[in-house]
Amino acid sequence: METDDEPTETPGDEAWKEHTSSFDRVQSVALTVAEPRPASWIADEALVAENTARRHLQRLVELNVLTADAEGGATTYFPDPVYVRTREVRALIDEHDQDSLAALATELKSDIENWQAEFDASSPEQVRKQTAEDSFSAEESRERRHVASDWEHTRYRLSLIEDALERYGEFT
């Protein structure tokens with residue numbers, strides 16, 4: 001008899017378990033978390049026992065794929081920022097040649113220059129500060145918050161592309 005506390009496995013869960021190792025499931029879950037998560041949460045999502053998850057998570061920490069944080073008593077895990085960045089740079093190099101990377105960089109720089117001119121700001125932080133000004137409506141403030149977020153993301157993407165261009169020879 002099933003209780004409300006027991007998760008119900010779907011046919012997709014069964015297929016995932018059948019075709020994917022427990023290590024791969026733990027890694028897959030752990031690399032997609034948006035915030036640090038404990039081993040118990042990752043184990044539930046990866047459909048493995050908690051002790052199995054802990055063993056795999058420790059191995060992923062040793063491989064510098066994940067970072068562990070024991071602050072607050074419970075250890076939580078999240079993707080290692082250096083690993084994630086290197087993986088993203090590698091994907092850019094695999095998907096683009098140097099000319100298309102340079103073209104992408106130019107497009108992103110153009111977007112940033114347009115935002116600088118349109119919002120009379122040199123950074124997303126300045127655009128965000130503008131949202132508090134009385135001269136802007138709620139809709140204009142929402143638009144500025146959205147632009148600030150897009151600008152930050154664009155800056156990050158541009159830094160990845162710049163890294164990819166700089167390291168293109170090393171990775172190819």
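Residues numbered from 1 in each chain as written. Predicted model: local features only at pLDDT ≥ 70, side-chain atom pairs only at ≥ 80, totals over all residues. Heavy atoms only, no water.

Caption draft 1: View of the overall build of the chain. Of the regular secondary structure elements, the chain holds nine helices and three strands. Sequence-ordered secondary structure for the chain, helices as α and strands as β, is α-α-β-α-α-β-β-α-α-α-α-α. Since a compact globule built from 172 residues should have a radius of gyration of about 16 Å, the 21 Å found for the chain marks it as more spread out than a globular shape. By principal-axis analysis of the C-alpha atoms, the chain measures approximately 60 × 50 × 35 Å. Of all 172 residues assigned to the chain, the portion counted as buried reaches 30%. Long-range pairs, those at least 24 residues apart, make up 59% of the contacts in the chain with a sequence separation of at least 6. Approximately 11000 Å² of the chain is accessible, and the part contributed by carbon and sulfur atoms is 46%. Seen as two clouds, the 18 positive and the 39 negative side-chain charges of the chain have centres 4 Å apart. (Helix = DSSP H or I, 4+ residues; strand = E, 2+ residues; numbered from the N terminus. Rg over C-alpha atoms; globule rule 2.2 N^0.38 Å. Buried < 20%, exposed > 50% of the residue type's maximum accessible area, 1.4 Å probe, protein only. Contact = heavy atoms within 4.5 Å. Areas by Shrake-Rupley, 256 points an atom, 1.4 Å probe, with all protein chains shown as cover. Lys, Arg positive; Asp, Glu negative; His and termini not counted. Charge placed at Lys NZ, Arg CZ, Asp CG, Glu CD.)

Caption draft 2: Representation of the confidence of the model for the chain within the structure. Chain-level statistics for the chain give a pLDDT mean of 93 and a share of 95% at 70 or above. Within the chain, no element has a lower average pLDDT than helix α1 (residues 11–19), which sits at 88, and none a higher one than strand β3 (residues 76–79), at 98. (pLDDT = per-residue confidence, 0-100.)

Caption draft 3: Highlighting the sheet that holds strand β1 (residues 37–38). Ordered by their spatial adjacency, three strands build an open sheet running β1-β3-β2, and the pairing between neighbours is antiparallel. Looking at the sheet topology across the chains shown, the edges are occupied by β1 and β2 (66–69). Where β2 meets β3, four bridges bridge the pair, whose relative direction is antiparallel. When the sheet's bridge partners are listed, D69 is paired in β3 with T76. (Pairing = 2+ DSSP bridges.)

Caption draft 4: Molecular detail of the pairing of β3. Direction of pairing for β1 relative to β3: antiparallel, over a ladder of two bridges. Residue pairing across strands places R37 opposite Y77, the latter belonging to β3. As consecutive antiparallel partners, β2 and β3 are separated by six residues, and within that stretch G72 has a phi angle of approximately 80°, a positive value.

Caption draft 5: Structural context of helix α8 (residues 138–166). Taking 1.5 Å per residue as the helical rise, α8 with its 29 residues ought to reach 42 Å, and the 42 Å between its terminal C-alpha atoms agrees with that figure. Where α8 is concerned, the buried positions are S141, R144, V147, A148, W151, T154, L158, L160, I161, D163 and A164. Looking at the buried side of α8, the elements it contacts are α5 (81–95), α6 (98–119), α7 (124–130) and α9 (168–171). (Expected span 1.5 Å × (residues − 1).)

Caption draft 6: The arrangement of the environment of L158 in detail. Position of L158 relative to the elements: it lies in helix α8. For the pair L158 and F119, spaced 39 residues apart in sequence, the C-alpha to C-alpha distance is 20 Å. Discounting chain neighbours no more than four positions away, the residues touching L158 are A105, L108, K109 and I112.

Caption draft 7: Quick look at the pattern of salt bridges. Counted according to the given criterion, the structure contains ten salt bridges. The shortest N-O distance in the salt bridge between E35 and R37 comes to 3.8 Å. With a relative accessible area of 44%, E35 lands in the partly exposed category. The partner of R167 in a salt bridge is D163, and the shortest N-O contact between them spans 3.9 Å. Through salt bridges with shared partners, one network takes in R85, D163, E166 and R167. (Salt bridge = Lys/Arg side-chain N within 4 Å of Asp/Glu carboxyl O.)

Caption draft 8: Structural context of the side chain of Q27. Structurally, Q27 is set in helix α2 (residues 22–30). When neighbours within four sequence positions are excluded, Q27 is seen to be in contact with L60, V65 and Y83.

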